[in-house]
Amino acid sequence: MKIDVLAELAATLEQRKTAAADSSYVASLHAKGLNKILEKVGEESTETIIAAKDALTSQDKSELINETADLWFHTLVMLSHLDLGPDDVLNELARRFDLSGLEEKANRSK
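This is a predicted model, so every value here is computed, not measured.

Let us look at the overall build of the protein chain. In terms of helices and strands, the protein chain carries six helices and zero strands. When the helices and strands of the protein chain are listed from N to C terminus, the series reads α-α-α-α-α-α. For 110 residues, the compact-globule estimate of 2.2 N^0.38 gives 13 Å, and the protein chain exceeds it by more than 25% at 16 Å. Dimensions along the principal axes, computed over C-alpha positions, put the protein chain at roughly 45 × 40 × 40 Å. The buried share of the protein chain, reckoned over its 110 residues, is 25%. Considering only intrachain contacts with a sequence separation of at least 6, the fraction spanning at least 24 residues in the protein chain is 55%. Seen as two clouds, the 13 positive and the 20 negative side-chain charges of the protein chain have centres 5 Å apart.

Moving on, we come to unusual backbone geometry. Generally, phi is negative for residues other than glycine and the peptide bonds are trans, each holding for most cases. Phi at Asp83 takes a positive value of approximately 60 degrees, unusual for a residue other than glycine. Position of Asp83 relative to the elements: it lies in the loop between α4 (62-81) and α5 (86-95).

Before going further, it helps to examine the packing of helix α2 (residues 25-32) against helix α3 (residues 34-55). α3 packs onto α2 with a crossing angle of 120 degrees between their chain directions and a minimal axis gap of 5 Å. In terms of their interaxial angle, α2 and α3 are classed as oblique. In contact with Tyr25, Leu29, His30 and Lys32 of α2, α3 contributes Lys36, Ile37 and Lys40. For the contact of α2 with α3, the per-class residue count stands at three nonpolar, one polar and three charged.

The subject of this paragraph is the layout of surface pockets. In this structure, the largest pocket encloses a volume near 180 Å³. Around the largest pocket sit Leu6, Trp72, Thr75, Leu76, Leu79, Pro86, Val89, Leu90 and Leu93, which together line it. Counted by class, the lining of the largest pocket contains eight nonpolar, one polar and no charged residues.

Conventions we followed
- Residues numbered from 1 in each chain as written.
- Predicted model: local features only at pLDDT ≥ 70, side-chain atom pairs only at ≥ 80, totals over all residues.
- Heavy atoms only, no water.
- Helix = DSSP H or I, 4+ residues; strand = E, 2+ residues; numbered from the N terminus.
- Rg over C-alpha atoms; globule rule 2.2 N^0.38 Å.
- Buried < 20%, exposed > 50% of the residue type's maximum accessible area, 1.4 Å probe, protein only.
- Contact = heavy atoms within 4.5 Å.
- Lys, Arg positive; Asp, Glu negative; His and termini not counted.
- Charge placed at Lys NZ, Arg CZ, Asp CG, Glu CD.
- Axes fitted to C-alpha atoms, helices over the stretch in contact; angles between N-to-C directions.
- Parallel < 35°, antiparallel > 145°, perpendicular 65-115°, else oblique.
- Nonpolar A, V, L, I, M, F, W, Y, C, P; charged D, E, K, R; others polar.
- 1 Å grid on protein atoms, 1.4 Å probe; cavity = no way out; pocket = protein on both sides within 12 Å on 5 of 7 lines; lining within 4 Å.
- Points joined across faces, edges and corners; volume = space filled by probe spheres on them.

So, in structure tokens, the structure goes:
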């Protein structure tokens, strides 16, 4: 049986959202507010970009995988803080399946 990692993580993030800030990293981020969460997303984005650049010259891609996991995690915390979850993003990605990338991008600017 395959575990739906995103669903499990989203459920855990929702549970920890209301936990005591001193007992959970996720709760401490929520307690500090959206700006702190966004700061973490930005930090992890930068670290992911650097790891991707480094991956060009390395056989070991584990740092890129680790940084991407950190970025996804903090992005999920951000979504949770705004009462959204991975299904909201997955539904949007599914909606785009029958659109060309150029068409989808053009429709966003209208």
